[in-house]
Amino acid sequence: MAVRPLAAPCECEYPLRASVMPAETNGNVMSRASFAISLVLLCLVLCLSAALSLRFGAAPVTLDALFNDTIGLLESRAFRTVCAICVGAALAISGLMLQALTGNPLADPGITGINAGAALAAIALAYFTPFSSGMAILLAASVGAGLAGYTLWHLAGTDPVAGVGGIALRLPLAGLAIETLCLALAATLILADAEMQARYLRWISGAIPAVARTEIAPLAVISVLLVAGYFTCERLELLSLGAEQSDSLGRNPNRTVALVLACVTMLSGASVAIAGPLAFLGLLVPFVARSLAAGSLRRAYLLALPLGGCALVLADTIGRVIARPGEVHAGIIAALLGGPALIMVLRRVLRPTRWRAE
């Protein structure tokens, strides 16, 4: 009796590399009209999510009191909504770019430990220099994200220029080690000082700020990078053909990798500086965006912007409503919803081998 597999082990259903074919000719046909409709619908959903965020919160108020804004509630909720949209979009784009660069659908600034490295650096700066400016915290978080990313490459054994060589499991495992270590060190610094506990326990659990303190500089950086990042999509699509092909077409692969990693590092650092280390968002939103975009990285980029913002705004709104008069922070809601969603993604990405007897 011979035994043979029905499918190759761990066959991946997710496109590991961004296709350079136009979306109209890429297996899953997506016309320009359907893409435009999808983008408009997502933008409308984002606007609806923002309206719900302005209307509902931990404090139940009437519409008249809200729009008269006698207690500054509308201004506070508006700033909180803007922060959630920017951070959600930044995490979604950084995850999309990281997945396209590594060819790994499990690559994400949260799971790979990049956000945790940024959080540790920001907290360490605040611990040793309590009166640091917003720009200083942003730079520290970016440096921490960069160091965590550099460590990740070496632990996972990845050469992003030469291509991916069987790192589907090494990348998230190495990221888990980095994330656990960095968050443990960050928690140690926070718990060692009563003033740090008051300032940063809320932040490290993923709370969206309601009052502008040091968030203006990170918000400005995110806005610039979200626009600039779009122009790296062509380079990433060419790199997916291979380093030699990309170089022959006039796009230096080393420069592409450097640009993408710099963008991911700054986006992750700015996001952490605003809302702490949020998980799952940078993993799940790109997965949905690339499925809708039918293989076009540039279209996935545009779809990921409203998707990421909408996801975090809704998580923040849900957290404010379900625990009145208190609130559950957006990072906790994202983790509660992202855990089961990640299991579903893993079931699609890594299909187990099936055996049968003949």
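Our structure's up above, just so we're on the same page.
Values in this document were obtained by computation on a predicted structure and should not be read as measured data.

Draft legend 1. Representation of the side chain of Arg 235 in the model. Along the chain, Arg 235 falls in helix α9 (residues 233-239). For Arg 235, which is buried and forms no salt bridge, the nearest opposite charge comes from Glu 234, at a distance of 6.3 Å. Contact partners of Arg 235, with chain neighbours within four places excluded, come to Arg 251, Asn 252, Arg 255, Thr 256 and Leu 259.

Draft legend 2. The arrangement of the packing of aromatic side chains in detail. The final tally for this structure, using the stated rule, is 4 aromatic pairs. With a centroid separation of 5.0 Å and 85° between ring planes, the pair formed by Tyr 127 and Phe 128 is classed as edge-to-face. Taking the relative accessible area as the measure of exposure, Tyr 127 reaches 31% and is therefore partly exposed. Under the relative-accessibility criterion, Phe 128 is labelled exposed at 62%. Pairing Tyr 230 with Phe 231 gives two aromatic rings, centres 5.8 Å apart and planes at 80°, and the pair type is edge-to-face. Grouping aromatic residues by their ring pairs yields a cluster made of Tyr 230, Phe 231 and Tyr 301. The ring of Phe 56 carries Arg 55 above its face, with NZ or CZ at 5.1 Å from the centroid.

Draft legend 3. Up close: helix α12 (residues 281-293). Over its 13 residues, α12 runs 18 Å from end to end, which matches the ideal 18 Å to within 8%, given 1.5 Å per residue. Counting buried positions along α12 gives 10 out of 13 residues, so the element sits mostly inside the fold. Among all positions in α12, only Leu 281, Gly 282, Leu 283, Leu 284, Val 285, Pro 286, Phe 287, Ala 289, Arg 290 and Ala 293 are buried. Looking at the residues trailing α12, positive phi occurs at Ala 294, about 55°.

Draft legend 4. Expanded view of the nonpolar core. If you look at the biggest cluster of nonpolar residues, it comprises 78 residues, and the most contacted ones within it are Ile 123, Trp 203, Ile 222, Leu 267 and Leu 312. With 15 residues, the top contributor of residues to this core is helix α3 (residues 73-102). Setting aside residues no more than four positions away along its own chain, Leu 312 makes contact with Ala 84, Val 87, Gly 88, Ile 208, Leu 278, Leu 281 and Ala 330. The next biggest cluster of nonpolar side chains, apart from the first, holds 7 residues, and it includes Phe 280, Phe 287, Leu 342 and Val 345.

Draft legend 5. How the structure looks around unusual backbone geometry. Cis geometry marks the peptide bond from Arg 324 to Pro 325, where omega comes out at 0°. Phi at Phe 280 is positive, roughly 75°, even though this residue is not glycine. Relative to the assigned elements, Phe 280 resides in the loop between α11 (253-275) and α12. Overall, Phe 280 belongs to the buried group, its relative accessible area being 17%.

Draft legend 6. Molecular detail of the layout of surface pockets. One number sums up the size of the largest pocket: a volume of about 520 Å³. Among the secondary structure elements, those contributing two or more residues to the lining of the largest pocket are α7 (194-204) and α11. A total of 5 residues in the lining of the largest pocket trace back to one element, the largest contributor, which is α7. Its residues placed into classes, the lining of the largest pocket shows 12 nonpolar, 2 polar and 5 charged. In this structure, the second largest pocket spans a volume of roughly 340 Å³. Around the second largest pocket, the lining is made up of 16 residues, and of these Leu 281, Leu 284, Val 285, Ala 311 and Leu 337 lie nearest the centre. Of all the elements in the fold, those that place two or more residues in the lining of the second largest pocket are α12, α13 (297-321) and α14 (330-349). When residues in the lining of the second largest pocket are grouped by element, the largest group, 6 residues, is from α13.

Thresholds applied
Residues numbered from 1 in each chain as written. Predicted model: local features only at pLDDT ≥ 70, side-chain atom pairs only at ≥ 80, totals over all residues. Heavy atoms only, no water. Helix = DSSP H or I, 4+ residues; strand = E, 2+ residues; numbered from the N terminus. Buried < 20%, exposed > 50% of the residue type's maximum accessible area, 1.4 Å probe, protein only. Lys, Arg positive; Asp, Glu negative; His and termini not counted. Salt bridge = Lys/Arg side-chain N within 4 Å of Asp/Glu carboxyl O. Contact = heavy atoms within 4.5 Å. Phe/Tyr/Trp six-rings, centres within 6.5 Å; stacked < 30°, edge-to-face > 60°. Lys NZ or Arg CZ within 6 Å of the ring centre and 35° of its normal. Expected span 1.5 Å × (residues − 1). Core = buried A, V, L, I, M, F, W, Y, C linked by side-chain atoms within 4.5 Å. 1 Å grid on protein atoms, 1.4 Å probe; cavity = no way out; pocket = protein on both sides within 12 Å on 5 of 7 lines; lining within 4 Å. Points joined across faces, edges and corners; volume = space filled by probe spheres on them. Nonpolar A, V, L, I, M, F, W, Y, C, P; charged D, E, K, R; others polar.

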